[in-house]
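The primary structure of each chain is shown beneath.
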Amino acid sequence: MEVERTIWWDSGICTIDQTKLPESYEIIKIGTVRTLVEAIKSLRIRGAPALGAAGGYGVALAAHRSTFMDPESILGELKIAAEMIRSSRPTAVNLAWGVDRVLKAAQAASEDGEEAIRSRALAEAERIADEDIAANRAIGKIGSKQLDDGDRVLTHCNAGRLACVGWGTALGVIRSAVEEGKSIEVYSCETRPLNQGSRLTAWELSRDGIPVTLICDGAAASLMRQGKIDKAIVGADRVTEDAVFNKIGTYSHALSAKANQIPFYVAAPISTFDQFHLEHEIEIEERSEDEVLSLNGKALAPKGVHARNPAFDATPIDLLSGIITEKGMFRPPLMPFIGSGLAKTARL
Ligand code: MRU
């Protein structure tokens, strides 16, 4: 039976193993911080908002598994766990954000004893998960205004419910438009090398009965030029004042959309915004070259050939038509860093 949430707590962290889709639908239960770190690195859990929830639940897990009896020692253990989880993937800001939020809640509870640390850490993690679904619903409602009946919409990677706790960001906008009665057709880029677009986005949308056509990443520009795409919408792993970080290939699609006068939107919750850094300061995760050189153990290139495998790219903010958040849609360069002093703010 399929579950409503991608990640939830049941005496441990439960999640859908995304590396197994679409062949099989398997729920795994994560009982240690070490297994959580492995699950994040191997993309069993993936997508920025889902990583935010995983980070939060991970700190709660560390608190629940701690055998220490005094608050100070538990907090010491939590700090180590937090660092292990935070550093498991560097680009999606939600991971560190989720970890830090729950760590802070645990620290604030320490005067009330070890049981308070455990229960308040878990309560904060549950709040992150609940808020994610509410934010995605709001993003959907705001973003669906940008989609017209009959639109053919391009997306890249998976910014659906599997990438979040539920509903989805980019796919959430599409889902909301469909819920409002609009007919939407999705062009999903397969998203080499790990094929989140074909394995996950196409799986999710076909489950929902939303028409989806799979294309090779390299086909997107040409389809845009032929007038077969009306709009593009993707998610984000991090939004800085000057760029949006998302799955590798996003930048190429944004350039193609600009060249063909096609609106290009990013849908992301405020938890994906990083008001403290600029593009050049962000680490882009470089994954193993094996992901590019082979598929299911079969070589895709001659022996001895090397590959580069950056997992994300940065799209300059001025290529975007709008960033859809739960607080409204913002048109770059006017970003919602309200009160930060780093950027001007204005809502459309
Ligand atoms: O490497 P992944 O699969 O974690 O990359 C995910 C993406 O790039 C998503 O587009 C992004 O996290 C937004 S998810 C709502």
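Everything here concerns the structure above.
Read on for an overview of the structure. (Residues numbered from 1 in each chain as written. Predicted model: local features only at pLDDT ≥ 70, side-chain atom pairs only at ≥ 80, totals over all residues. Heavy atoms only, no water.)

**Quick word on empty space enclosed by the protein**
Then step 1. A full pass over the atoms with the stated rule returns 2 cavities of 30 Å³ or more.
Then step 2. Taken as a whole, the largest cavity holds about 200 Å³ of empty space.
Then step 3. Lining the largest cavity are 24 residues; nearest its centre among them are Arg46, Gly47, Ala48, Asn158 and Asp237.
Then step 4. For the lining of the largest cavity, the elements supplying multiple residues, two or more each, are helix H2 (48-65) and strand S9 (243-247).
Then step 5. Considering every element that reaches the lining of the largest cavity, the biggest residue donor is H2, with 3 residues.
Then step 6. As a volume, the second largest cavity reaches approximately 60 Å³.
Then step 7. Broken down by class, the residue content of the lining of the second largest cavity amounts to 5 nonpolar, 3 polar and 4 charged. (1 Å grid on protein atoms, 1.4 Å probe; cavity = no way out; pocket = protein on both sides within 12 Å on 5 of 7 lines; lining within 4 Å. Points joined across faces, edges and corners; volume = space filled by probe spheres on them. Helix = DSSP H or I, 4+ residues; strand = E, 2+ residues; numbered from the N terminus. Nonpolar A, V, L, I, M, F, W, Y, C, P; charged D, E, K, R; others polar.)

**Observations regarding the layout of surface pockets**
Then step 1. Each pocket or cavity is described by its volume, and for the largest pocket that value is around 490 Å³.
Then step 2. Lining the largest pocket are 16 residues, with Thr19, Leu194, Arg199, Leu295 and Asn296 sitting closest to its centre.
Then step 3. Counting only elements with at least two residues in the lining of the largest pocket, the list comes to helix H10 (290-293) and strand S11 (294-295).
Then step 4. Counted by class, the lining of the largest pocket contains 5 nonpolar, 6 polar and 5 charged residues.

**As for the site of the ligand**
Then step 1. With respect to spatial proximity, 19 residues lie near the ligand, and among them Arg46, Arg89, Gln196, Asn246 and Lys247 are the closest.
Then step 2. Here an oxygen atom of the ligand sits 2.9 Å away from a polar atom, N or O, in the main chain of Ala48.
Then step 3. Here an oxygen atom of the ligand and a side-chain polar atom of Gln196 are 2.9 Å apart.
Then step 4. Contact with the protein chains removes 100% of the 410 Å² of surface that the ligand exposes when unbound. (Near = heavy atom within 4 Å. Polar contact = N/O pair within 3.5 Å; in protein donor to acceptor, adjacent residues only side chain to side chain. Areas by Shrake-Rupley, 256 points an atom, 1.4 Å probe, with all protein chains shown as cover.)

**Digging into the sheet that holds strand S1 (residues 7-9)**
Then step 1. One open sheet accounts for 3 strands, arranged S1-S2-S3; its pairing is antiparallel. Lying at the two open borders of the sheet, with one neighbouring strand each, are S1 and strand S3 (27-30). For this sheet the average axis-to-axis angle between neighbouring strands, irrespective of direction, equals 25°. (Pairing = 2+ DSSP bridges. Axes fitted to C-alpha atoms, helices over the stretch in contact; angles between N-to-C directions.)

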